[in-house]
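Breakdown of the fold
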Amino acid sequence: MLRWAVAMAAVRRGRRAAVTTIGPLVERSRAALNGIPDIVWRDPYLVGFMLTLITIVARIGCRDLQDDDLSLVQSQAWGAITGMDADMIGEDALTLSNTHPREFQHGSYSAMMVATRLCGPAVASIGYEPWQVTDIPLETDASDGRNISTSLSPATGNWADAFDAYIAGLPLAK
């Protein structure tokens, strides 16, 4: 019973860290973009971006967070931040984590850059390394005609470049 209580306290601290850090950024983006359609949250880039950013911020906010409890933190924080049903992200996360599509990897990489800017050296201290993304082209993605790279500059770590610009470029967001 004590182990469960300690684990749930860690989950609560990790979720709170993620929601209080990321939530206001998303709210500013909602205002700047005149809203964010629900369907956008299931885009592979945004799933990779949000889950990676939630993971990094939660691990920095709660060093005691165990790997087994991370999925609970991710789903609860994702639900609180997006306003979507938290159960929806689980299957998407599992599928995309196993297949590693390029957009998902790009989102993870962009989140790492944003987290580095938001949290500074603490990111390196948790030893988090998302998938190595070395083959992100700067041309149009032939599968859907969208340009997934030139609209953002993940190297800068700017939220607006990695989040707002991506959403604004999605056909679904218009």
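Residues numbered from 1 in each chain as written. Predicted model: local features only at pLDDT ≥ 70, side-chain atom pairs only at ≥ 80, totals over all residues. Heavy atoms only, no water.

**Here we look at unusual backbone geometry**
For Asn34, which is not glycine, the phi dihedral falls at a positive 55°. Position of Asn34 among the secondary structure elements: in the loop between α1 (2-32) and α2 (44-61). (Helix = DSSP H or I, 4+ residues; strand = E, 2+ residues; numbered from the N terminus.)

**Here's the deal with the environment of Gly23**
With respect to the secondary-structure elements, Gly23 resides in helix α1. Residues Gly23 and Trp78, spaced 55 residues apart in sequence, show a C-alpha to C-alpha distance of 9.4 Å. In contact with Gly23, not counting residues within four places along its chain, are Ala18 and Ile81. (Contact = heavy atoms within 4.5 Å.)

**Comments concerning the packing of α1 against helix α7 (residues 159-169)**
One can describe the packing of α1 onto α7 by two numbers: an axis separation of 10 Å at closest approach and a directional angle of 50°. Between α1 and α7, the interaxial angle falls into the category oblique. Regarding α1 and α7, the two cross each other, and that crossing is right-handed. Seen from α1, the contacting residues are Ile22, Leu25, Val26 and Ser29; seen from α7, they are Trp159, Phe163 and Asp164. Among the residues making up the contact of α1 with α7, the classes are represented as five nonpolar, one polar and one charged. (Axes fitted to C-alpha atoms, helices over the stretch in contact; angles between N-to-C directions. Parallel < 35°, antiparallel > 145°, perpendicular 65-115°, else oblique. Left-handed = near helix turned anticlockwise from the far one by under 90°. Nonpolar A, V, L, I, M, F, W, Y, C, P; charged D, E, K, R; others polar.)

**Description of the packing of α2 against helix α4 (residues 87-99)**
Between α2 and α4, the shortest axis-to-axis distance is 10 Å and the interhelical angle comes to 100°. Viewed along their axes, α2 and α4 adopt a mutual orientation that is roughly perpendicular. Of α4, the residues touching α2 (which contributes Pro44, Val47 and Leu51) are Ile89, Ala93 and Leu96. Residue composition of the contact of α2 with α4, grouped by class: six nonpolar, no polar and no charged.

**Brief notes about the pattern of salt bridges**
Two side chains bearing opposite charge may form a pair once their charged atoms approach each other closely. Scanning the entire structure with this criterion turns up three salt bridges. Across the pair Arg13 and Asp64 runs a salt bridge, and its minimum N-O distance is 3.4 Å. Of this pair, Arg13 sits in helix α1 while Asp64 sits in the loop between α2 and α3 (67-82), placing them 51 residues apart in sequence. The partly exposed category is assigned to Arg13, whose relative accessible area is 32%. By relative accessible area, which is 48% here, Asp64 ends up partly exposed. (Salt bridge = Lys/Arg side-chain N within 4 Å of Asp/Glu carboxyl O. Buried < 20%, exposed > 50% of the residue type's maximum accessible area, 1.4 Å probe, protein only.)

**Here we look at the confidence of the model for the protein**
Residues at a pLDDT of 70 or more form 80% of the protein, whose mean pLDDT is 80. Residue range residues 131-155 is modelled with pLDDT below 50. Its contacts to residues more than four positions away, or to other chains, number 48 contacts. (pLDDT = per-residue confidence, 0-100.)

**What to know about the nonpolar core**
Nonpolar side chains in soluble globular proteins generally cluster together in the buried interior. Judged by nonpolar contacts, the single largest core of 38 residues is most densely connected at Ile22, Val26, Phe49, Met50, Leu53, Trp159 and Phe163. Those elements that provide at least two residues to this core are α1, α2, α3, α4, α5 (102-119) and α7. In terms of residue count, the dominant contributor to this core is α2 (10 residues). Those residues in contact with Phe163, other than ones at most four positions away along the chain, are Val26, Ser29, Ile36, Trp41, Leu46, Phe49 and Met50. Counting seven residues, the second largest nonpolar core, distinct from the first, contains Ala58, Cys62, Leu65 and Leu70. (Core = buried A, V, L, I, M, F, W, Y, C linked by side-chain atoms within 4.5 Å.)

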